[in-house]
Amino acid sequence: MQFYCESLTEYKRLKTREVKIGNLLLGNNHPIRVQTMTTTDTLDTIATVEQTIRCIEAGAEMVRITAPSKKEAENLQNIKDELNRRGYFVPLVADIHFTPNAAEIAARIVEKVRVNPGNYVDKKKFEQIEYTDAEYAEEIERIRERFSPLVLICKEHGTAMRIGTNHGSLSDRIMSRYGDTAMGMVESAMEFLRIARALDYHNIILSMKSSNPLVMVQAYRLLINHMMDEFGECYPLHLGVTEAGDGEDGRIKSAIGIGTLLEDGIGDTIRVSLTEDPEFEIPVCKDLVKRYASISAQNDIKKADEIKLPYSPFEYKRRYTNLVVNIGNKNVPVVIADFMLAQTITHADLQAIGYTYNSSTDKWGISDAAADYIYTANKKIDFALPGTLQIICDYATWLTEADNIKYFPLFQPDEYLKAGRKSGTVNFIATNVHDISDTFLDKIKEDVTAVLCIYSTAQNAMQKVRTCIAKLMQQQINCPVIVSVESSDSSIDEQLIHFSTEAGALFLDGMGDGIWLMNDPSKLIHQQVSGRTYLQTKNNHQFINNTSFSILQAVRTRISKTEYISCPSCGRTLFELQETTGKIRAVTNHLKGLKIAIMGCIVNGPGEMADADFGYVGSGIGKITLYRGKEVVKRNIDSAIAVDELINLLKESNVWIDAG
């Protein structure tokens, strides 16, 4: 094993134990299963059944239903019976948080139960308590006594179990010893796993969910590493970014977290947590999973030499690079807008990449999500550009341009090696990782103006680019790297996943001083196909620019807008989540850098908004509680005035600014 996966250089599934969930087999190289969770009231049998059927018909292979108390757990039997009566036998999963009694009832009915170690036995009061080793051991014994009955029931009834750790709901006990860390998440799950193994129960799946893709990825990697060290085997893994949000942002954040792990062959089942109706999560899951079907089908992949990573994959540290103008070193990653296919470029075209021209004042307005460079290929721009925007053009075109302040050349590797004239400031080199020679590496090592625009045409492009950048690090070649990804996928949904997975994975490992996304808009689907409605875009340059900034925001390397951490809703939700999220977004989307959590209930409240600045949490029917960080500031506000009260709280906290 390479740190946390079977291979760092070639796609290969991580070998995990086989687990049976009803008639569904999971792990042990079985297909990656897709699942979702209902949002209906579990006591409303027919509504839950009908929504479950919609999810199944969309392609869900498992459906999770919340069971917050004994009465909901008992009603799972009615739901299951009605589904069976209608001819549906997909495994059901009971979602349990604070109620062991409900879990023990559900485990006798459904095919799988999910428990959260942070709140199944432990309580979370946000208290810092110092534990001696003896006191800590006593707490573990208390957990053993309370958790073992459920394990034995699952063992008796052939019920599977997911031990699902959430970053935001780590217990006070874990927080006191490990802090708010990926390691704390791992240990929280390992405690429960050790108890189950001691009882010879192995029908277990694990998850390490967080709304922060970086924390999520590190936690899964650490978990695998620790399972292999302690047990010599891995249990199947359920992947998900919790509280990802909605629309493009929700898809991007999910694809970065889930896709980064899938790229390395990690993951046996996935759920994309969107603040949308659950059946809309399934197509996104399918788009993620199908990327790996063609690679998995190739049995003749030649094994490449494995690499020794020159960095730790379990903690974030950005690669050290030279400073080249505004690229590299400690600068935020730059964004390159690709206008290669444009016939002409006008003032109006730049509006799509964050620049608005006022002809009456002859001045430019610049947004927080304005591209830093524009690639024009063989074209020149015949008007004065805004001061922050610079031009990259092909080398041959650059040779004919007198303005060496605004224009910079893009070389192919052979052009770069042979060039008699180069920019004295910055030279971009478009480099396929498969064509890099030792001669080329020797040349760029000494060139403090070189910026590599790296890409790969391989199916496992991310691994190939990562290997190349690792080689640069090993040879102490410090030129900045622009992560370049081209997508020829036929829908916006698939392109979002492609861009987010390949680029996002590299940024999570500290690689990347810029991002350059490319596509051919003529190949995109712009209609409903086979009953599925795809995301749409009116302006392709705007889509690419927004996606670039959203990826950088999701990996926390460049903040350009407000971030929303919103749960996907479930039967516990106490208000209309999608509508409320839209209202809050409408009045706060100008507050750059602020993280606002919108949570349907207390389970997903102060816990799951782990790193949010402010929280809007359902605390009762028609009642909202507002948080500053993890502190309750206003309790049980009428939902009719709660959005206004949130604005007042932002003003009182001196973070509100009027929209421009």
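About the cut-offs
- Residues numbered from 1 in each chain as written.
- Predicted model: local features only at pLDDT ≥ 70, side-chain atom pairs only at ≥ 80, totals over all residues.
- Heavy atoms only, no water.
- Salt bridge = Lys/Arg side-chain N within 4 Å of Asp/Glu carboxyl O.
- Helix = DSSP H or I, 4+ residues; strand = E, 2+ residues; numbered from the N terminus.
- Buried < 20%, exposed > 50% of the residue type's maximum accessible area, 1.4 Å probe, protein only.
- Pairing = 2+ DSSP bridges.
- Axes fitted to C-alpha atoms, helices over the stretch in contact; angles between N-to-C directions.
- Contact = heavy atoms within 4.5 Å.
- Parallel < 35°, antiparallel > 145°, perpendicular 65-115°, else oblique.
- Left-handed = near helix turned anticlockwise from the far one by under 90°.
- Nonpolar A, V, L, I, M, F, W, Y, C, P; charged D, E, K, R; others polar.
- Disulfide = S-S within 2.5 Å.
- pLDDT = per-residue confidence, 0-100.
- Polar contact = N/O pair within 3.5 Å; in protein donor to acceptor, adjacent residues only side chain to side chain.

Novice: Which residues make up the pattern of salt bridges, and what values do they have?
Specialist: In this structure the tally under the stated criterion is 35 salt bridges. Note that glutamate 10 is salt-bridged to lysine 464, the shortest N-O span being 2.8 Å. Of this pair, glutamate 10 sits in the segment before β1 (19–21) while lysine 464 sits in helix α15 (residues 461–474); the two residues are 454 residues apart in sequence, bridging distant segments of the chain. Of the residues examined, glutamate 10 reaches a relative accessible area of 12% and is grouped as buried. A salt bridge links aspartate 513 to arginine 319, with the nearest nitrogen and oxygen atoms 3.9 Å apart. Linking aspartate 513 in the loop between α16 (492–508) and β20 (514–519) with arginine 319 in the loop between α11 (293–296) and β11 (334–338), this pair joins segments that are 194 residues apart in sequence. Exposure class is identical for aspartate 513 and arginine 319. Each is buried. Here the salt bridges share partners, and the residues they tie into one network are Arg17, Arg197 and Glu233.

Novice: So, unusual backbone geometry: which residues are in play, and what are the values?
Specialist: The phi torsion at valine 325 lies on the positive side, around 55°, for a residue other than glycine. With respect to the helices and strands, valine 325 occurs in the loop between α11 and β11. Phi at asparagine 329 takes a positive value of approximately 55°, unusual for a residue other than glycine. Relative to the helices and strands, asparagine 329 is located in the loop between α11 and β11. Using a relative accessible area of 26% as the deciding quantity, one classes asparagine 329 as partly exposed.

Novice: Talk me through the sheet that holds strand β15 (residues 390–394); I want residue IDs and the actual numbers.
Specialist: Strand order in this closed barrel of 8 strands is β11-β14-β15-β16-β17-β18-β19-β20, and the pairing throughout is parallel. The mean angle between the axes of side-by-side strands here comes to 25°, regardless of whether they run parallel or antiparallel. The sheet contact formed by strand β19 (residues 481–487) and β20 spans 6 bridges and is parallel. Its bridge partner being in β20, valine 483 is matched across the sheet by isoleucine 515. On the sheet, helix α17 (residues 540–554) packs against β11 and β20 and is oriented at approximately 145° with respect to β20.

Novice: Requested: an account of the packing of helix α7 (residues 182–198) against helix α8 (residues 213–231), with residues and values cited.
Specialist: Two numbers describe a pair of packed helices, the interaxial angle and the distance between the axes. At their nearest, the axes of α7 and α8 sit 9 Å apart, and the two run at 40° to each other. Compared by their axis directions, α7 and α8 come out oblique. Regarding α7 and α8, the two cross each other, and that crossing is right-handed. Along its contact with α7, which presents Ala182, Met183, Met185, Val186, Met190, Leu193, Arg194 and Arg197, the element α8 presents Val215, Gln218, Ala219, Leu222, Leu223, His226, Met227, Glu230 and Phe231. Split by residue class, the contact of α7 with α8 holds 12 nonpolar, 2 polar and 3 charged.

Novice: Tell me about the state of the cysteines, and name the residues and values.
Specialist: One pass over the full model with this rule turns up 0 disulfides. The thiol of cysteine 234 is not disulfide-bonded; the next cysteine sulfur, from cysteine 5, is found 11 Å away. The class of cysteine 234 is buried, set by a relative accessible area of 1%. Cysteine 468 supplies the cysteine sulfur nearest to cysteine 479, a cysteine that is in no disulfide, at a spacing of 9.0 Å. Using a relative accessible area of 1% as the deciding quantity, one classes cysteine 479 as buried.

Novice: How would you sum up the confidence of the model for the protein? Please name residues and give values.
Specialist: In the predicted model, the protein carries a mean pLDDT of 89, and the fraction of residues at 70 or more is 91%. Considering only residues more than four positions removed or in separate chains, one finds that residues 297–302, a stretch of pLDDT under 50, has 4 contacts.

Novice: Which residues make up the side chain of arginine 33, and what values go with them?
Specialist: Position of arginine 33 among the secondary structure elements: in strand β3 (residues 33–37). Judged by relative accessible area, arginine 33 falls into the buried class, the value being 12%. Within the structure, arginine 33 has its side chain in polar contact with the side chain of glutamate 61 (distance 3.1 Å). Once you skip the residues sitting within four places of it in the chain, arginine 33 turns out to touch Leu24, Leu25, Leu26, Glu61, Met62, Asp268, Thr269 and Ile270.

Novice: Talk me through the environment of glycine 510; I want residue IDs and the actual numbers.
Specialist: You can see glycine 510 is positioned in the loop between α16 and β20. In sequence terms glycine 510 and tyrosine 311 are 199 residues apart; their C-alpha atoms lie 9.1 Å from each other. Apart from the residues lying within four places of it in its own chain, the contact partners of glycine 510 are Tyr316, Lys317, Arg318 and Arg319.

Novice: Explain the environment of leucine 350 to me, using residue names and the numbers behind them.
Specialist: Locating leucine 350 in the fold gives a position in the loop between β11 and β12 (355–358). Sequence-distant contacts of leucine 350, defined by excluding residues within four places in its chain, comprise Ile345, Tyr355, Trp364, Ile374, Phe383, Leu385, Pro386 and Leu389.

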